[in-house]
Amino acid sequence: MDGKMSWAVADAVDYKGFPADRSKTGGWVPAALVLGIEICERLSTMGIGVNLVTYLIGTMHLSSATSANIVTDFMGTSFLLCLLGGFLADSFLGRYKTIGIFAFIQTLGTGMLAIVTKLQQLRPPHCHSGNSCEKANGFQMGILYIALYIIALGTGGLKSSVSGFGTDQFDEKDEKEKTQMTYFFHRFFFFISIGTFMAVTVLVYIQDEVGRSWAYGICSVSMFTAILIFLSGTKKYRYKKSMGSPIVHIFQVLVAAFRKRNLDLPHNIALLYEDTPEPSRIYHTNKFPFLDKAAIVTNEDFENNGNLGPNPWKVCSVTRVEETKMMASILPIWATTIIFWTTYAQMITFSVEQASTMERTIGGFQIPAGSLTVFFVAAILITLAIYDRFIMPFWKKWKGKPGFTNLQRVGIGLVLSTLGMVAAAIVEKKRLSVAKSVGGENVSTLPLTVFVLIPQFFLVGSGEAFIYAGQLDFFITQSPKGMKTMSTGLFLTTLSLGFFISSFLVMIVKAVTVTNGGDGWLADNINHGRLDLFYALLATLCAINFVAYLVCALWYKPRNNKSAAFEMENTTAHEDRC
């Protein structure tokens with residue numbers, strides 16, 4: 001029996017609920033099956049997001065500002081729903097069922113979008129002569145919204161669980177599998193980039209030259225195929241038991257602390273309640289002393305709870321209180337990284353609209369406007385390669401460390417995004433001067449090469465390479481073990497809020513700058529507006545945010561609690577990856 005159990009993974013079970021045999025479950029092959037879902041998710045979400053603004057303007061005849069807001073709201077909702085997916089995975093469904101269910105929902109959504117973009121009844125007629133265009137009516141937009149938000153629900157539901165379920169296939173306590181998990185993260189981020197690359201090149205080309213319904217149909221079929229591949233590994237997967245919803249645990253601490261707000265903390269910290277096994281304990285810290293009151297023990301804490309122990313809504317262990325402190329500590333960093341994703345939103349909205357007005361022909365081939373984001377993806381891949389091959393070895397020789405810390409990487413990303421917005425403002429000023437000189441209202445393509453947009457794509461793309469890896473590493477390594485899915489969801493909410501802030505800024509700027517019947521900064525015709533001033537505003541906000549981030553980063557003190565072995569293990573694995 002002992003020999004058999006030595007092959008078992010301690011905290012994982014197989015599909016029958018028995019202890020998982022490491023020789024028959026988990027490892028590279030099951031983890032690779034999970035990657036197919038992620039590739040197809042990126043193919044669908046980014047393939048829709050980067051080129052949707054041209055469909056809304058050119059086919060649905062909406063204004064540029066309205067179109068940009070529809071795109072950013074769609075993308076923002078997709079990432080916001082990651083919290084829902086994480087909650088369901090932690091509390092009820094588990095990661096496996098969550099991925100399967102929401103991947104199927106996304107399949108239905110992309111299939112519906114393929115039908116919506118095919119039927120003539122669901123889009124307005126073509127523009128008549130004299131620039132008379134009929135906008136899409138409420139029914140047509142309503143059907144389009146339903147398709148988009150079914151896709152958003154599918155994306156959000158599965159996205160927070162994919163990376164976690166992939167890492168579940170490796171045992172962190174086994175050195176060989178721990179190394180394999182590190183390589184899995186390299187492959188995971190690589191496949192994300194491959195999915196994005198295919199979306200902004202092949203899929204956008206199909207949308208523009210063959211038909212959007214064909215492109216979205218490909219997304220639906222590819223996701224359905226990925227689901228079948230994912231399900232084929234059911235007997236080979238390892239399944240981690242749910243530890244309950246971390247959101248509930250956090251609220252329990254907050255409620256218990258509030259109930260005991262009038263009690264005094266004991267002078268001896270050892271008197272605070274603790275029932276966590278020694279290897280998993282997180283020892284007391286002096287941060288947020290108000291929360292410590294949740295661990296004060298009173299006679300009422302054990303009443304009316306039978307033999308189940310203390311009521312968790314009245315008293316919480318020191319470890320659970322410290323977990324809540326850890327999550328509270330990362331919130332300032334979380335808040336100051338949101339603005340980056342607001343600048344990112346411009347790369348798939350206004351920057352694509354800029355490209356649509358410029359010369360995009362190479363020989364006899366015209367580059368689709370949405371495909372300009374390929375420079376964004378290329379910047380990510382090039383930056384990652386330079387960082388891995390040159391910066392990390394140099395830093396290790398000079399500083400004795402394997403690269404920048406996660407907070408340093410985030411800071412570099414914020415600086416690059418600020419420079420990207422400065423470059424975008426300069427290029428747009430040049431584009432507007434060209435439009436004015438040639439009479440932009442009557443010229444469909446300005447005599448200005450689209451490649452002048454490369455600096456803004458490249459700078460913001462390089463910024464994402466630093467900030468995405470830095471954020472993900474920070475949120476996972478500085479969060480408790482049982483809150484890994486939640487911390488991933490929390491990271492993804494920065495993307496969501498960044499898109500929503502972009503929509504909010506567009507709405508405010510449009511309302512404030514349109515006076516006396518003028519066009520304002522964000523005119524329906526981009527050649528009549530002042531998009532350069534909008535970019536300059538974003539650059540200013542980014543600079544202010546960077547100062548705030550520096551203050552928060554200097555305030556934050558990483559946990560180095562040697563008793564919490566899982567923190568050290570996660571840190572090693574994820575810093576190796578990034």
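Quick caveat, the model's predicted, so the values are computed rather than measured. (Residues numbered from 1 in each chain as written. Predicted model: local features only at pLDDT ≥ 70, side-chain atom pairs only at ≥ 80, totals over all residues. Heavy atoms only, no water.)

A short note on the overall build of the chain
To keep it simple, the criterion reads: By definition, any uninterrupted DSSP run of H or I lasting at least four residues is a helix, any uninterrupted run of E lasting at least two residues is a strand, and each is numbered from the N terminus. Classification of residues uses two cut-offs on accessible area relative to the type maximum, computed with a 1.4 Å probe and protein chains only: under 20% is buried, over 50% is exposed, and between them is partly exposed. Between two residues, a contact is recorded if the distance between any of their heavy atoms is within 4.5 Å. The method behind every accessible area is Shrake-Rupley, applied with a 1.4 Å probe, and residues are considered shielded solely by the protein chains displayed.
Along its length, the chain carries 20 helices and seven strands. Burial analysis of the chain (578 residues in total) assigns 55% to the buried set. Taking the contacts inside the chain whose residues are at least 6 apart along the sequence as the reference set, 81% of them involve residues at least 24 apart. If you sum the accessible surface of the chain, you get close to 25000 Å²; carbon and sulfur atoms cover 65% of it.

Comments concerning the pattern of salt bridges
Basically, it comes down to this: The term salt bridge refers to a side-chain nitrogen of Lys or Arg lying within 4 Å of a carboxyl oxygen of Asp or Glu.
Here the structure, examined in full by the defined rule, presents eight salt bridges. K159 serves as the salt-bridge partner of E38, at 3.2 Å between the closest nitrogen and oxygen. Remark: K159 occurs in helix α6 (residues 138-167) and E38 occurs in helix α2 (residues 28-49); sequence separation between them is 121 residues. For the pair E38 and K159, a shared accessibility class is recorded, and that class is buried.

Details of α6
Selection criterion: Expected helix span is computed as 1.5 Å times (number of residues minus one). One axis fitted to the seven residues ending at a residue, another fitted to the seven starting there: the angle between these axes is the bend at that residue. For the purposes of these results, a polar contact is taken to be a pair of N or O atoms within 3.5 Å, where, inside protein, one atom must be able to donate a hydrogen and its partner to accept one; residues adjacent in sequence count only when each atom of the pair is a side-chain atom.
End to end, α6 covers 44 Å across 30 residues, agreeing with the expected 44 Å (1.5 Å per residue, within 8%). Of all bends in α6, the biggest is about 30°, found at S161. Summarising burial for α6: 22 of the 30 residues are buried, a large majority. The opening residue of α6 is N137, an N-cap whose side-chain oxygen sits 3.1 Å from the backbone nitrogen of F139.

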